Amino acid sequence: MDAITDAKVRPYRSVLYIPGSKERALDKARSLPVDAIIFDLEDAVTPDAKEAARDTLNAALSMGGYGDRMRIIRINGLDSPWGAGDVATLKDADCDAFLLPKVNSAADVQALADMLGNDMPIWAMIETPLGVLNALEIAAHPQLTGFVAGTNDLAKELNCRARADRLPMMLALQTMLMAARAHGVIAIDGVYNQYQDTDGLRAECEQGRDLGFDGKTLIHPAQIDVANECFSPSEAEIDLAKRQIEAFEEVERTGQGVAVVDGKIVENLHVETAKKILAMASSIASL
Ligand SMILES: CC(C)(COP(=O)(O)OP(=O)(O)OC[C@H]1O[C@@H](n2cnc3c(N)ncnc32)[C@H](O)[C@@H]1OP(=O)(O)O)[C@@H](O)C(=O)NCCC(=O)NCCSC(=O)C[C@H](O)C(=O)O
Ligand SMILES: [Mg+2]
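Residues numbered from 1 in each chain as written. Chains lettered and ligands numbered in written order. Predicted model: local features only at pLDDT ≥ 70, side-chain atom pairs only at ≥ 80, totals over all residues.

Per an unreviewed UniProt entry, the recorded name for the protein chain is HpcH/HpaI aldolase/citrate lyase family protein, and the organism is Lacimonas salitolerans. Under Sequence similarities (unreviewed entry), UniProt gives the following word-for-word description of the protein chain: "Belongs to the HpcH/HpaI aldolase family." Reading the Cofactor (unreviewed entry) entry of the UniProt record for the protein chain gives the comment "Mg(2+)". (UniProt positions renumbered as here; feature names shortened; annotations may be inferred.)

Written out as structure tokens, the structure is:
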């Protein structure tokens with residue numbers, strides 16, 4: 001983790017779900033070029049495999065080998081028969097965050113914080129209508145550091161149709177993003193289910209990046225390269241950022257506050273964005 005010390009600058013381009021019950025996938029992930037892993041005990045694990053999955057996952061985390069990849073454990077809901085047992089077994093596991101599914105309110109986050117009894121960062125799945133409507137109070141919880149869009153559950157709850165432009169989902173996605181940004185919380189987009197459709201995935205990643213998401217949740221290794229590419233600053237963005245910073249420093253020396261690059265104005269706020277782009281590019285390069 002040495003290269004990435006600032007949680008705000010570390011990349012979250014590719015966040016891969018791995019069923020906590022699948023030893024082979026848990027092992028494979030040690031060599032996959034993902035920025036983060038969600039070790040899943042919830043929807044990817046069948047009820048009869050849930051208890052064994054806790055031990056399988058605990059053993060994999062103890063063995064280590066996940067390098068710089070952020071390690072997030074998605075437990076079952078605390079209102080399910082398995083949530084409390086997941087926390088009891090894994091609260092001292094070698095991981096970086098716990099992810100709570102179907103969070104409806106800040107009280108749900110607090111319930112997990114109380115059970116953990118430590119300062120482990122908590123991430124929330126935003127995938128219910130109440131979770132979306134309460135996103136601001138959830139993001140404000142002091143132990144909450146990340147949001148993950150649960151677009152499958154959201155579609156089910158909204159009774160909406162799947163559309164390539166995700167129009168029925170847009171209010172929910174933008175509400176959670178707004179809340180995340182208001183409180184400095186990481187925001188990761190939902191999964192693209194047709195994992196062999198690279199063009200469709202690319203279009204959805206580009207849309208997620210346009211909206212402001214930090215990265216995309218993934219379900220299969222074949223999706224990693226596309227997500228990493230779409231959520232990395234492009235060469236053109238890096239080049240423009242450098243030229244904006246140089247141009248702004250130049251006009252500042254003459255006492256002015258506005259530069260012009262490629263026919264567009266550059267003010268202090270644009271320079272802040274440019275610096276963020278360069279910091280992210282450098283963080284990615286150091287991986
Ligand atoms: C979708 C899959 C069931 C496909 O599995 P499979 O047919 O076994 O895939 P492949 O044969 O193509 O696998 C090739 C190799 O890659 C490894 N693999 C596959 N998936 C993963 C993975 N997710 N992480 C790591 N490694 C993986 C296989 O082991 C093969 O390895 P090898 O044998 O060494 O060559 C499967 O991909 C899968 O189970 N994916 C995860 C599904 C999942 O996690 N679902 C839950 C999360 S989605 C969700 O709940 C979102 C949210 O809550 C919402 O509401 O939207
Ligand atoms: Mg879900």
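Accessible area lost upon the coming together of the parts serves often as the stated size of an interface. Domains assigned within the protein chain are domain 1 (14-230) and domain 2 (235-285). In this structure, domain 1 and domain 2 have C-alpha centres spaced 33 Å apart. (Domains from an automatic or database assignment.)

Turning to the nonpolar core, a few remarks are in order. As a rule of thumb, soluble globular proteins bury nonpolar side chains together. Counting residues in each nonpolar core, the largest one holds 69 residues, and the members touching the most others are Ile72, Ile122, Ala124, Phe147 and Met176. Top element by residues in this core is helix α8 (residues 170-182). It accounts for six residues. Beyond its immediate sequence surroundings of up to four residues, Ile122 is in contact with Ala97, Phe98, Leu100, Val109, Leu112, Ala113, Gln143 and Leu144. (Core = buried A, V, L, I, M, F, W, Y, C linked by C-beta atoms within 7 Å. Buried ≥ 20, exposed ≤ 12 C-beta atoms within 10 Å, placed from the backbone. Helix = DSSP H or I, 4+ residues; strand = E, 2+ residues; numbered from the N terminus. Contact = placed C-beta atoms within 7 Å.)

Attention now goes to the environment of Ala241. For Ala241, the position within the fold is in helix α11 (residues 235-253). In this structure Ala241 comes out as buried when scored by C-beta crowding, with 23 C-beta atoms within 10 Å. Through-space distance from the C-alpha of Ala241 to that of Val271 is 7.6 Å; in sequence the pair is 30 residues apart. Residue contacts for Ala241: discarding those within four places in its chain leaves Ala274, Ile277 and Leu278.

Let's shift gears to the site of ligand 1. Neighbouring residues of ligand 1: 23 residues in total, closest Tyr17, Ala44, Gly150, Asn152 and Asp153. Elements that contribute at least two residues to the shell around ligand 1 include exactly β1 (14-19), α1 (23-28) and α7 (151-158). The residue inventory of the shell around ligand 1, partitioned by class, reads twelve nonpolar, five polar and six charged. (Near = placed C-beta within 6 Å. Nonpolar A, V, L, I, M, F, W, Y, C, P; charged D, E, K, R; others polar.)

With that settled, the discussion passes to the pairing of strand β4 (residues 97-100). With burial as the criterion, each face of β4 is covered, one bearing Ala97 and Leu99 and the other bearing Phe98 and Leu100. Viewed along the sheet, the connection from strand β3 (residues 70-74) through helix α3 (residues 83-90) into β4 turns out right-handed. Taken together, the three bridges between β4 and strand β5 (residues 122-126) define a ladder with parallel strand orientation. The partner of Leu100 across the bridge, within β5, is Ala124. Remark: the β4/helix α4 (residues 106-116)/β5 crossover connection has right-handed handedness. (Right-handed = clockwise from strand over helix to strand, strands pointing away. Pairing = 2+ DSSP bridges.)

Glancing now at the UniProt feature "domain: HpcH/HpaI aldolase/citrate lyase" (unreviewed entry) in the protein chain. The UniProt record marks residues 13-221 with the feature "domain: HpcH/HpaI aldolase/citrate lyase" (unreviewed entry), using the residue numbering of this structure. The distance from the first to the last C-alpha atom of residues 13-221 is 13 Å, and the span holds 40% helix and 19% strand.

In this section: unusual backbone geometry. One non-glycine residue, Lys102, lies in positive phi territory at about 50°. Examined against the element boundaries, Lys102 turns out to sit in the loop between β4 and α4. The class of Lys102 is buried, set by 21 C-beta atoms lying within 10 Å. Positive phi values are uncommon outside glycine, yet Arg166 reaches one of about 55°. C-beta crowding within 10 Å serves as the criterion here: with 19 such atoms nearby, Arg166 is assigned to the partly exposed category.

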